[in-house]
Amino acid sequence: MPTASHLDLQSDEFIQYDQVLIPSEPFNAVLIDLLKKEEWDNKYTSDHVQRRLLEMIADLKANITSLADVEARLTDLANEIQSFNSKFHVFFPLEGIQLQAGPITIGLITFEQIDEAKCQEFCNHLGDDSANEYIPLFKERLRESIGNRACAHFSAIAEESRVRELGEVELERVLDLLRFAITLQDPSRNIGFGLLGEVPRGRRMIPAIDESSHLTARHEAAGAFRDLIIDDHILEGFRGIGLFEMSEVLRKSENSCTDFERCLITAIRWCAIARNQIEREGEFLGLISAVETLLTPKDGSPITSSISESAARILGDNLEGRKTIKRRMKELYRLRGKLTHGERVIVVDQDAMLLRKYVILLVSRMIRQRGRFETKQALLDWLEDERLR
């Protein structure tokens, strides 16, 4: 717990609050201590804690009589924060997801279909329409947002704003996992899903006129035009690729995840980023970054050879298969080098599809091995031992 000694009023920069100047450097030190060391960020937003701390300091500067007053107020504030025990439930409206298999929980997020009865239940919490002239309008907009669509349900013991923040983070991790899981099933990236309002969809006409004033027009879809339909068939695919094993990882606190599990989360994030890229070159670099997250050596070994050999060892089922994978991975990694150095490179469909297949299968197989390796270095050590056999 930070003590009053942290609030030494010697600083060149100040925060003004309620006509009181508060030195920013020691204030920020206390704020960070409270949020991180005392883990107040589990229940409150940084803005909320900052506001409460500023209120306390402003009042103390006007009424302080002793150092003990500061210690007592800090203790009171700590007790208030730590004793907070109200749970909030947040429902994020989604688009592009259909739940044909019923509610499904992935990580800390439960996907639920909000039917008419559930929507009416939400509206009932707003009270009678006659109580306030804005209630009918609010109910109408609520129905537009959540009615007859899938929502992501998240709950936590924290203040409302903090639950929303935490929920957005957890939802994004789960959406990353879903995008990773459907990559091989939807190579054309026609399926799009996310928070309501964040999935571009539409059609456009692009006219072209030649020198003789002859006009032609092309109709095309803009954005992803298909929904992710979660039915029993796709759930089987999710199981096969390791989605539900990663779901268990996402349920863990950050401190309880192993180093290797954190690497898997990052690799899946890169796969999701790659899928969201418009240009094929962007997708290519994102997929390579996913491989590098898991296989880049720390001992200064040549990266191209080391990553290619490691990928071949993980993916290949026999000697000839490993030789082929190693050769193709080297070729793909050289493309990555040219792209990052600004050389003109054309990534053809065959290369993009092959890299996509290698990366998704590699990450999937590493998900299966998460109980075997505690750290990334443990994986790299095992790969080195395999090279020497």
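Residues numbered from 1 in each chain as written. Predicted model: local features only at pLDDT ≥ 70, side-chain atom pairs only at ≥ 80, totals over all residues. Heavy atoms only, no water.

1. What about the nonpolar core?
- Core analysis: the biggest nonpolar cluster contains 79 residues, and I97, F111, L178, F180, L294, L295 and V363 have the highest contact counts within it.
- In terms of residue count, helix α13 (residues 349–368) provides more of this core than any other element does, 10 residues in total.
- In this structure, L31, L34, L35 and M56 belong to the second largest nonpolar core, which totals 17 residues. (Core = buried A, V, L, I, M, F, W, Y, C linked by side-chain atoms within 4.5 Å. Buried < 20%, exposed > 50% of the residue type's maximum accessible area, 1.4 Å probe, protein only. Helix = DSSP H or I, 4+ residues; strand = E, 2+ residues; numbered from the N terminus.)

2. Re the packing of helix α11 (residues 303–315) against α13
- Across the interface, α11 lies against α13 with an axial gap of 10 Å and an inter-helix angle of 65°. One way to sum up the angle between α11 and α13 is to call them roughly perpendicular. As α11 packs across α13, the resulting crossing turns out to be left-handed. Seen from α11, the contacting residues are A311, I314 and L315; seen from α13, they are Y358, L361, L362, R365 and M366.
- When its residues are assigned to classes, the contact of α11 with α13 shows seven nonpolar, no polar and one charged. (Axes fitted to C-alpha atoms, helices over the stretch in contact; angles between N-to-C directions. Parallel < 35°, antiparallel > 145°, perpendicular 65-115°, else oblique. Left-handed = near helix turned anticlockwise from the far one by under 90°. Contact = heavy atoms within 4.5 Å. Nonpolar A, V, L, I, M, F, W, Y, C, P; charged D, E, K, R; others polar.)

3. Concerning the pairing of strand β10 (residues 215–223)
- One ladder, built from nine bridges, connects strand β9 (residues 201–209) with β10; its direction is antiparallel. Looking at the pairing, P207 lines up with A217 of β10. (Pairing = 2+ DSSP bridges.)

4. Considering the side chain of S247
- Tracing the sequence through the fold places S247 in helix α8 (residues 243–250).
- Taking relative accessible area as the criterion, S247 reaches 4% and is therefore assigned buried.
- Setting aside chain neighbours within four positions, we find S247 in contact with T105, I106, G107 and L177.

5. Focus on the pattern of salt bridges
- For the structure shown, the criterion picks out 30 salt bridges.
- Residue E116 pairs with R143 through a salt bridge whose shortest N-O separation is 2.9 Å. Of this pair, E116 sits in helix α4 (residues 116–124) while R143 is found in helix α5 (residues 135–146), placing the two residues 27 residues apart along the sequence.
- Owing to a relative accessible area of 44%, E116 belongs among the partly exposed residues under this scheme.
- Classification of R143 as partly exposed rests on a relative accessible area of 29%.
- Here D176 ties to R179 by a salt bridge, and the two come within 3.8 Å at their closest N and O atoms. (Salt bridge = Lys/Arg side-chain N within 4 Å of Asp/Glu carboxyl O.)

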